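# Residue-level structural notes
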Amino acid sequence: MDINKTVEILLVEDNDNDAEMALRALKKNNISNKVTRLKDGEEALDFLFCKGDYEGRNIHNLPKVILLDLKMPKVDGLEVLKAVRSNKDTEKVPIVMLTSSREERDVVEGYKLGVNSFIVKPVEFNTFMEAVKDIGIYWVLLNELP
Amino acid sequence: MSFFERISPKQIYLIAVSTLIVLIVSNQLLIHKILDEKQDDATVINLAGRQRMLGQKIAKTVYLAENGEIDLQGLKRDVEKWALVHEGLTNGNQEFGIEAIEIEEIKQLFSELEPHQVAIQESLANLSTQQDVINSIPIIQKHEASFLTKMDEIVDVFESVSNNSVQKLIWFEIGLGLFSILILGLGFSLVFKIFSKQIGVKNEELEKITSELVQAENVLEISEKIGGVVSWVFDFEKNRELYGQNLLDLYGFDSKPERITEAILKIVHPDDLEKVKRAFFKANKKRKPWKVEYRIESPTGEIKYILAIVSVIKTNHEGKIVRVIGTSQDVTESKKNEAELTSRKQKLELSLKTLQEIQEVAKIGTWEVDLQTMSAFWSDEVYRIHEVETGTPIKVEEGINFYREDYREIIQESINDAIENKSSWDEECILLTKTGKEIWVRAIGYPFFENDNLVGLRGLFMDIDERKRASQELDKANEKLQLSVEAGQLAIWIWDMKTNQLEWNDQAYEVFGVPKDFEPTFEKFSSMIHPDDLNYVVEATQRTIETDEKLDIQFRFNKGDGKEIILSGRGDVVRDEDGNPVQMIGINMDVTERNEMVENLKRQESQLRSFVEQAPAAVAMFDTEMNYVTVSNKWYEHNRIEGEDIIGRSHYEVLPQVAKRKDWVKIHKRVLSGEELSNDRDQFVRKDGSEIWISWTGIPWYNREMKIGGIILYVTDISKDVEYTEKLESEIKERTEQIRQQTENLEIVNKELEAFSYSISHDLRAPLRSINGFTDILLEDYSDQLDDEGKRLMGIVKESAVNMGQLIDDILKFSRLGKKKIQKSQIDMKKLFESVCENELKVYNEEKIELSISELPEAKGDVTLLQQVVVNLVSNALKYSSNEDKSIVNIGYEVSDTNKTIYYIKDNGVGFNMEYKDKLFGVFQRLHTKSEFEGTGVGLAIVKRIINRHGGRIWAESEVGIGSTFFFSLPNG
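Quick look at the structure, then.

Our focus in this paragraph is the nonpolar core. Residues and elements named next belong to chain B. With 36 residues, the main nonpolar core has Met829, Phe833, Leu873 and Phe968 as its most contacted residues. Breaking this core down by element, the ones donating at least two residues are helix H27 (829-843), helix H28 (863-880), strand E25 (887-895), strand E26 (900-906), helix H29 (939-949), strand E27 (953-959) and strand E28 (963-971). The biggest single contributor to this core is H28, with eight residues. When sequence neighbours within four positions are dropped, the list of residues in contact with Met829 reads Leu856, Pro857, Glu858, Ala859, Tyr903, Phe968 and Leu970.

Right under this line is the structure:
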């Protein structure tokens with residue numbers, strides 16, 4: 001894998017099925033170019049901070065948006081969020097949190113840590129597709145990094 | 001050489017001295033002569049005045065005969081007396097002490113008076129019937145007026161003649177003085193001046209004496225006229241008695257006795273006889289008026305009180321009284337009042353003094369108003385009463401204005417009435433003196449006439465303020481006494497020791513329990529006294545009579561109604577002037593109840609003492625000074641007092657550490673003032689220095705007078721209680737801490753529950769999403785390869801996934817509702833592991849598994865829950881070692897030093913990073929992805945919770961690639 005290829009959308013999702021569905025949704029809306037999927041929080045941190053398997057990657061090569069699953073083994077979404085926001089190189093990257101339920105405390109904690117948006121992953125697939133489409137259009141096509 | 005030059009200074013001196021002597025002697029002689037003459041004149045004037053009055057009286061008696069009222073005897077007596085006095089006045093009379101008149105002018109007047117006197121006397125001489133008297137009226141009328149006029153003329157002339165002679169003598173004296181001036185010249189003018197001045201003074205004195213005499217005359221006349229005061233003259237040398245009918249009336253004599261003094265002495269009360277004799281016969285060299293009060297007994301047995309005021313006029317060379325002048329007055333009425341006062345000596349004395357003062361003639365002021373000139377005359381006493389300077393001219397209306405406003409009208413009306421109706425008045429009024437003082441006065445007035453014409457008003461004026469106020473106060477005091485007597489059930493009695501009469505008040509009948517008609521005597525009273533106490537009462541009474549000791553006793557008494565009571569008796573003896581007991585006055589009170597109360601209190605007090613002494617606790621009884629009265633044995637023990645006698649000593653001295661406790665000293669004082677105080681917990685340092693905890697109570701105790709006699713302290717050593725309480729308190733603290741920890745644990749459990757539900761809501765949804773999502777993808781991408789039946793079945797899958805999402809939500813709600821209770825029992829752990837392993841081995845490939853279970857101690861717990869633990873741990877061990885060539889699982893135990901058994905399960909699986917060991921037992925926490933190992937992440941969380949709920953602990957040790965060991969501890973069965 002070319003560790004230095006341009007990444008526009010970084011999808012961090014431990015659940016393969018969810019990841020596949022998300023990718024499919026992005027692809028369907030023609031925003032699937034340069035999507036990279038990472039399997040958990042630990043890998044996300046390695047990628048973003050150029051450690052482990054991603055050692056030597058250019059840290060300034062930042063994605064336009066990170067779609068971050070909240071619930072992951074080892075390092076969860078909120079921990080990744082915290083790490084990204086507390087690093088000067090990465091603090092400006094928009095992060096959209098994916099969550100199975102709109103639990104109050106997660107939302108509050110997320111916004112505290114500087115999340116840009118939340119998407120509740122619904123059981124109903126179509127609704128999920130719609131949501132991913134909206135996110136992609138907004139953050140990848142319209143939103144430019146400052 | 002002039003006359004003065006011829007005589008030497010020595011001669012001048014001698015002449016001066018001898019002239020001086022002549023002047024002094026003549027002056028003294030002159031004064032004495034004037035006084036003598038005046039005295040004689042006064043006697044004559046007095047008699048003349050009487051004669052005039054007697055004439056009037058006779059005339060009045062005669063006139064009254066027309067109305068059928070005639071006292072022939074009296075009339076004859078008056079006429080005889082009239083004739084006698086007339087004879088005396090004209091020719092002198094040894095008996096009356098009057099010399100024959102020598103002044104021509106008066107002799108002439110008397111001779112002119114003679115025919116009228118003779119005519120009247122003759123016309124009345126042989127009267128025998130009323131008609132005779134009526135027949136004599138014309139003659140009487142004819143002569144009466146003339147007689148009276150002549151008599152007045154005589155008095156006037158008498159006065160002017162005597163004044164003239166005095167004047168002449170004074171002129172002679174002045175002449176003598178002038179002569180000595182001529183002789184002694186200017187050198188002696190100074191000496192002369194002194195004598196001249198002295199003459200002036202003497203002259204003034206003379207005038208004053210004259211005016212006083214006139215006044216005295218007036219007073220006498222008025223006094224007798226108004227009644228009550230009767231005057232008389234007794235000459236013991238000449239055996240002459242000069243008095244009027246009034247005196248006979250006063251003493252109740254029907255006719256004139258031979259010797260009135262002897263007659264009076266016969267009717268004087270035997271007890272007073274000595275007193276009277278003393279007054280009359282014993283010499284009084286000081287010539288002061290002598291006052292004596294005595295009783296007389298009329299033939300009817302009636303007692304009258306007489307107040308006599310006696311002035312000695314003459315004494316012989318032996319100092320023996322030969323002539324006295326005096327007044328007598330009936331004071332029975334006042335005496336009655338006096339009797340009322342007997343019980344209160346002080347008031348009585350005051351009242352008596354007031355009475356006597358009022359009676360004293362000189363203290364009564366006189367006044368006169370001349371209606372023609374509208375001028376007023378006041379005697380010195382009247383001036384004194386008004387507090388106006390003697391001699392200040394007074395106008396009639398000014399006199400009235402001295403009365404307080406509300407009395408002016410009364411006086412004015414009385415005066416009007418007197419002028420119009422010739423009536424007299426007698427009023428008690430309030431006077432405003434010049435200095436603004438309000439005083440009570442008695443104003444008596446009556447009109448007087450000249451030739452039947454009203455010419456003025458005369459009267460008496462008395463200062464009765466003291467008496468009035470005393471009587472007002474007396475009324476008040478009486479009322480008060482009455483009230484207190486009624487309220488206190490006081491029996492008041494008076495025992496007359498002479499008559500042996502016993503009198504008592506209304507309350508006495510009630511106190512003594514006798515009927516109202518009971519007639520009290522000393523004997524009857526004595527018979528009711530308890531026989532055993534009688535001697536005591538009699539002796540005490542005797543002692544009171546014999547000495548000055550007052551009676552103050554208590555004795556048993558059998559009431560008239562048979563009830564025995566205790567009487568208190570107090571009394572005192574009333575003595576006469578000679579100190580002889582005459583009366584005994586006293587009070588009795590029923591004190592039975594009070595005595596019982598005192599007895600009760602005495603008994604209570606002794607009970608209290610013995611209670612304190614015998615008390616099985618530390619009790620002490622103190623007096624009001626905090627001295628020990630008595631203590632219990634425990635008190636010594638409690639305070640560590642040994643071998644010390646503390647009774648009678650101060651609490652603060654015995655226990656100095658108490659004195660240092662200022663708060664306690666204050667508390668003792670508060671208890672002594674009646675408070676009851678206590679403290680449930682207080683620190684105390686004992687005499688030996690040991691510190692203890694005490695509880696104490698302080699209460700006042702009451703003595704037989706119902707007063708606080710001191711305090712009682714009750715002390716308990718509560719050190720053990722306090723220790724116990726403190727222990728309890730620390731236990732409670734500990735328990736509280738435990739509860740707090742349990743609460744904390746509960747909170748942790750709650751958090752876990754929350755995390756559980758949180759995870760469920762996330763992770764259980766994920767597979768559902770997949771089912772749903774991929775079914776959609778299948779329908780989307782492969783719909784042309786599915787027939788209608790295929791599409792329908794896909795729809796069912798989708799729908800089921802949605803339903804399951806809903807079910808998860810429901811289960812979540814359910815799991816949050818309640819917790820399962822642990823039901824403990826004895827568990828054979830080895831058997832449990834074996835059975836679980838047997839089942840688990842079926843799932844995995846048995847051949848590549850090497851399982852060993854050592855001997856395990858039993859445990860106490862919930863079988864179902866612990867089985868779940870074992871299943872979980874065993875399956876985990878098999879699962880995570882399933883990728884190895886051979887799974888090696890060892891099950892064993894360790895004994896910890898905290899009474900717990902530690903069980904462990906060891907595998908040779910993938911292991912985990914110890915960095916994440918904290919997440920190992922979190923709900924739905926996973927250290928491996930699903931693609932690596934299957935699992936929900938709930939297993940270890942459930943295990944931890946079950947172990948925790950059994951009071952145990954779970955932990956794990958691991959090395960990545962080498963294997964993991966899970967430990968859990970359980971309390972020993």
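The interface of chain A with chain B comprises 25 residues on the first partner and 26 residues on the second. Between chain A and chain B, a total of about 2400 Å² is buried, with carbon and sulfur atoms accounting for 50% of that surface. Where chain A packs against chain B, one counts five salt bridges. Counting every contact that joins chain A to chain B gives eight residue pairs in polar contact (both at pLDDT 80 or more). If you list the elements that add at least two residues to the side of chain A that touches chain B, you get helix H1 (16-28), helix H4 (104-113) and helix H5 (125-142) of chain A. The greatest single-element share of the side of chain A that touches chain B, amounting to six residues, is contributed by H1 of chain A. Looking at the side of chain A that touches chain B residue by residue, the class counts come to six nonpolar, six polar and 13 charged.

Quick look at the pairing of strand E20 (residues 691-702) of chain B now. All names here are of chain B. For strand E19 (residues 677-685) and E20, the ladder comprises seven bridges, and the chain directions are antiparallel. Paired with Leu677 across the two strands is Gly698, which belongs to E20. Here E19 hands over to E20 after five residues, with Gly689 in that stretch at a positive phi of 90°. Alignment of E20 against strand E21 (residues 708-717), held across nine bridges, turns out to be antiparallel. The residue of E21 that forms the bridge with Trp696 is Val715.

Bringing helix H23 (residues 662-672) of chain B into the picture now. Residues and elements named next belong to chain B. Along H23, the residues that are buried comprise Trp664, Val665, Ile667, His668, Val671 and Leu672. On an axial view of H23, the arc spanned by its buried residues comes to 160°, and they lie on one face. Residues of H23 that are exposed and point more than 90 degrees away from the buried face comprise Lys662, Lys666 and Lys669. If you follow the buried residues of H23, they end up packed against strand E17 (618-623), helix H21 (651-654), helix H22 (656-660), E19, E20 and E21. Two residues or fewer past H23, Gly674 is found with a positive phi of approximately 110°.

On to the packing of aromatic side chains. Residues and elements named next belong to chain B. Tallied over the entire structure, the rule returns 26 aromatic pairs over all chains. Note on Phe622 and Tyr628: the rings are 4.6 Å apart at their centroids and 45° apart in plane angle, and the pair reads as tilted. You can call Tyr628 buried: its relative accessible area is 2%. An aromatic cluster is built from Trp504, Tyr509, Phe512, Phe518, Phe525, Phe555 and Phe557, whose rings are joined through pairwise contacts. Its guanidinium or amino end placed over the ring of Phe518, Lys524 lies 4.7 Å from that ring's centre, counting from NZ or CZ. The cationic tip of Arg681 hangs over the ring face of Trp693; the distance from NZ or CZ to the ring centre is 4.5 Å.

Conventions and cut-offs
Residues numbered from 1 in each chain as written. Chains lettered and ligands numbered in written order. Predicted model: local features only at pLDDT ≥ 70, side-chain atom pairs only at ≥ 80, totals over all residues. Heavy atoms only, no water. Core = buried A, V, L, I, M, F, W, Y, C linked by side-chain atoms within 4.5 Å. Buried < 20%, exposed > 50% of the residue type's maximum accessible area, 1.4 Å probe, protein only. Helix = DSSP H or I, 4+ residues; strand = E, 2+ residues; numbered from the N terminus. Contact = heavy atoms within 4.5 Å. Buried area = accessible area lost by both parts, 1.4 Å probe. Salt bridge = Lys/Arg side-chain N within 4 Å of Asp/Glu carboxyl O. Polar contact = N/O pair within 3.5 Å; in protein donor to acceptor, adjacent residues only side chain to side chain. Nonpolar A, V, L, I, M, F, W, Y, C, P; charged D, E, K, R; others polar. Pairing = 2+ DSSP bridges. Arc of directions from axis to C-beta. Phe/Tyr/Trp six-rings, centres within 6.5 Å; stacked < 30°, edge-to-face > 60°. Lys NZ or Arg CZ within 6 Å of the ring centre and 35° of its normal.

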